[in-house]
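# Structural overview
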Amino acid sequence: MRRGFLYLVAIMDWYSRKVQAWRLSNSMDADFCVEALKEALAKHGKPEIFNTDQGSQFTSGAWIDVLVDANIKISMDGKGAWRDNRMIERLCRSLKYECVYLNAFETGSEMRVGIGKWLTYYNSERPHSTHGILTPNEAHVSITEPMRLAA
């Protein structure tokens, strides 16, 4: 923001690059991260493995408890291993250059609306290079639809 900071957490499906849930907060506590995690699990089901960096929010008891209770394997990036989280880092770079730096948001509410619009665009209109002409939403459906048919 023009003045101050907000912290973003985004839950991303690594295959499709779809952002499944996100939250902004003015503090680095774990609560907003746990809320996003719970939303993603409720809307999209549980993955076999969940990967994060080693931030304090993702090593907190509240975060770990949600994953353990859902019987999800926990994976954490190695210290200084940027390759481990390159997908989310690329999302953050695109978000900054295509939304945040262009808009100089004055308030947290403005930023929340702006980021929400951009993430909707990202998921539904912006093709991802990994999937050719498919958007993250289209790639997500293409992998989950055959599984539904097989079940």
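Residues numbered from 1 in each chain as written. Predicted model: local features only at pLDDT ≥ 70, side-chain atom pairs only at ≥ 80, totals over all residues. Heavy atoms only, no water.

### Thoughts on the pairing of strand β1 (residues 7-12)
Inspection of the sheet shows β1 paired to strand β2 (residues 19-25) by 6 bridges, in the antiparallel sense. Looking across to β2, one finds that A10 is bridged to W22. (Pairing = 2+ DSSP bridges. Helix = DSSP H or I, 4+ residues; strand = E, 2+ residues; numbered from the N terminus.)

### Observations regarding the nonpolar core
V9, I11, C33, L37, F50, W63 and L67 are the most contacted members of the largest nonpolar core, which totals 16 residues. Within the residue set of this core, elements represented by two or more residues are β1, α1 (31-44) and α2 (61-69). No other element matches the 7 residues that α1 contributes to this core. (Core = buried A, V, L, I, M, F, W, Y, C linked by side-chain atoms within 4.5 Å. Buried < 20%, exposed > 50% of the residue type's maximum accessible area, 1.4 Å probe, protein only.)

### A short note on α1
With 14 residues, α1 ought to run about 20 Å at 1.5 Å a step, and its terminal C-alpha atoms sit 20 Å apart, in line with that. All of the buried residues along α1 are F32, C33, V34, A36, L37, A40 and L41. Packed against the buried residues of α1 are β1, β2, β3 (49-52) and α2. Taken from the residues just after α1, G45 is the one with a positive phi, measuring 85°. (Expected span 1.5 Å × (residues − 1). Contact = heavy atoms within 4.5 Å.)

### Regarding the packing of aromatic side chains
The geometry of two aromatic rings is summed up by the distance between their centres and the angle between their planes. Taken as a whole and judged by the stated rule, the model has 4 aromatic pairs. Ring centres of F58 and W63 lie 4.9 Å apart, and the angle between their planes is 75°; on these two criteria the pair is classed as edge-to-face. In this structure, F58 and W63 share a single accessibility class: buried. A connected cluster of aromatic rings, assembled from ring pairs, spans F50, F58 and W63. Over the face of the ring belonging to Y97 we find R93, whose NZ or CZ atom lies 4.8 Å from the ring centre. (Phe/Tyr/Trp six-rings, centres within 6.5 Å; stacked < 30°, edge-to-face > 60°. Lys NZ or Arg CZ within 6 Å of the ring centre and 35° of its normal.)

### Overview of the environment of R23
Mapped onto the elements of the fold, R23 is located in strand β2. Along the sequence, R23 and P136 sit 113 residues apart, while their C-alpha atoms lie 19 Å from each other. In this structure R23 touches Y7, L8, V9, F32, E35, A36 and E39, once residues within four positions along its chain are discounted. Reaching out from R23, the side chain makes a polar contact with the side chain of E35 at a distance of 3.4 Å. (Polar contact = N/O pair within 3.5 Å; in protein donor to acceptor, adjacent residues only side chain to side chain.)

### With respect to the confidence of the model for the protein
Taken over all residues, the pLDDT of the protein has a mean of 88, while the share at 70 or more is 91%. Within the protein, the element-level pLDDT minimum falls on helix α5 (residues 136-150), averaging 68, and the maximum on β2, averaging 97. (pLDDT = per-residue confidence, 0-100.)

### Thoughts on the state of the cysteines
Per the counting criterion, the structure on display carries 0 disulfides. Just so you know, C92 is unpaired, no disulfide at all, and the nearest cysteine sulfur is the one on C33, 12 Å from it. No disulfide involves C99; its sulfur sits 12 Å from the nearest other cysteine sulfur, which is in C92. (Disulfide = S-S within 2.5 Å.)

### Some words on the environment of T59
Within the secondary structure, T59 sits in the loop between β3 and α2. With 29 residues separating them along the chain, T59 and A30 place their C-alpha atoms 9.0 Å apart. Contacts of T59, omitting those with residues within four sequence positions, involve Q54, I64 and M76. A distance of 3.4 Å separates a polar side-chain atom of T59 from the backbone oxygen of S56.

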